[in-house]
Amino acid sequence: MNDRTRARYFIRGYQAEGGAWAPTNSHRGRFGSWVAVAFLFVGFTVGGVSLATGPAWWLLAVGGGLMLVGAVLCVITDIFTDVVLDDPRHESEEPHSTPLHRIKQYDQEVSSSDHG
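From a predicted model like this one, the values you see are computed outputs, not experimental measurements.

Draft legend 1. Looking closely at the overall build of the chain. Helix and strand counts for the chain come out as four helices and zero strands. Reading the chain from its N terminus to its C terminus gives the helix and strand order α-α-α-α. Counting over 116 residues, the chain shows a buried share of 16%. Sequence separation of at least 24 residues holds for 76% of the intrachain contacts in the chain that already meet a minimum separation of 6. As displayed, the chain offers around 9300 Å² of accessible surface, 63% of which is attributable to carbon and sulfur atoms.

Set out below in structure tokens:
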């Protein structure tokens, strides 16, 4: 079975669990990522307070500026690599007959027939 035929049997986004995307299993994140999140949080809070008190447009601009700094820090620190992927789990599923379950079962059958 070629790649084009095999790709037809899989749902977009359907992937096995696990992987080695993150270099660590720590759920804490890096310091730079927390600084970026702090700027975003404070900027959002300042912007919200500015709308509730008036609106105070200068304070809204300050909040927007802080959020912009936070967004730039997110890009610089590559915050999305802080994602932790757990080890794969192979647990049995309860019997059910949903369309996705039937597709996954068919994928497993096709995969095992290709390798077996």
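Draft legend 2. Region of interest: the environment of Val 75. Its location among the elements puts Val 75 in helix H3 (residues 57-77). For Val 75, a relative accessible area of 67% translates into the label exposed. Sequence separation between Val 75 and Ala 36 is 39 residues, and the spatial gap between their C-alpha atoms is 9.1 Å.

Draft legend 3. View of unusual backbone geometry. Here the bond from Gly 54 into Pro 55 is cis, since omega is 10°, no more than 30 degrees from zero. Here Pro 55 lies in the loop between helix H2 (31-52) and H3. The phi angle at Asp 78 is positive, at roughly 50°, despite the residue not being glycine. You can see Asp 78 is positioned in the loop between H3 and helix H4 (99-115). Using a relative accessible area of 41% as the deciding quantity, one classes Asp 78 as partly exposed.

Draft legend 4. Representation of the side chain of Ser 50 within the structure. Structurally, Ser 50 can be placed in helix H2. Assessed through its relative accessible area of 0%, Ser 50 is described here as buried. Reaching out from Ser 50, the side chain makes a polar contact with the backbone nitrogen of Leu 60 at a distance of 3.4 Å. Not counting chain neighbours up to four residues away, the residues in contact with Ser 50 comprise Pro 55, Ala 56, Leu 59 and Leu 60.

Draft legend 5. Representation of the side chain of Ser 33. The topology assignment puts Ser 33 in helix H2. In this structure, Ser 33 is in contact with Thr 77, Ile 79 and Asp 82, ignoring residues within four places of it in sequence.

Draft legend 6. How the structure looks around the confidence of the model for the chain. Averaged over every residue, the pLDDT of the chain is 77; the share at 70 or more is 61%. Across the chain, element-level confidence peaks in H3 with a mean pLDDT of 96 and bottoms out in helix H1 (residues 3-7) with 52. Contacts for the low-pLDDT stretch residues 10-19, under 50 throughout, to residues beyond four places or in other chains number eleven contacts.

Quick notes on the rules
- All residue numbers refer to position in the chain's written sequence, counted from 1.
- Local features in a predicted model are, by the rule used here, given only for residues with pLDDT of at least 70; side-chain atom pairs are given and counted only at 80 or more, and totals for whole chains, interfaces and linings are based on all residues.
- Hydrogens and waters are ignored; side-chain quantities use all the structure's heavy atoms.
- Counting from the N terminus, the helices are DSSP H or I runs at least four residues long and the strands are E runs at least two residues long.
- For every residue, the accessible area (1.4 Å probe, protein chains only) is compared with the maximum for its type, and the residue is labelled buried under 20%, exposed over 50%, or partly exposed between those bounds.
- Throughout, a residue-residue contact means that at least one pair of heavy atoms, one from each residue, lies within 4.5 Å.
- Calculation of accessible area relied on Shrake-Rupley with a 1.4 Å probe; when residues are assessed, cover is drawn exclusively from the protein chains displayed.
- As used in this structure description, the phrase polar contact means that two N or O atoms lie within 3.5 Å; if the pair is within protein, one of them must be able to donate a hydrogen and the other to accept it, and residues adjacent in sequence are counted only when both atoms belong to side chains.
- The predictor's confidence in any single residue is recorded as pLDDT, a number from 0 to 100.

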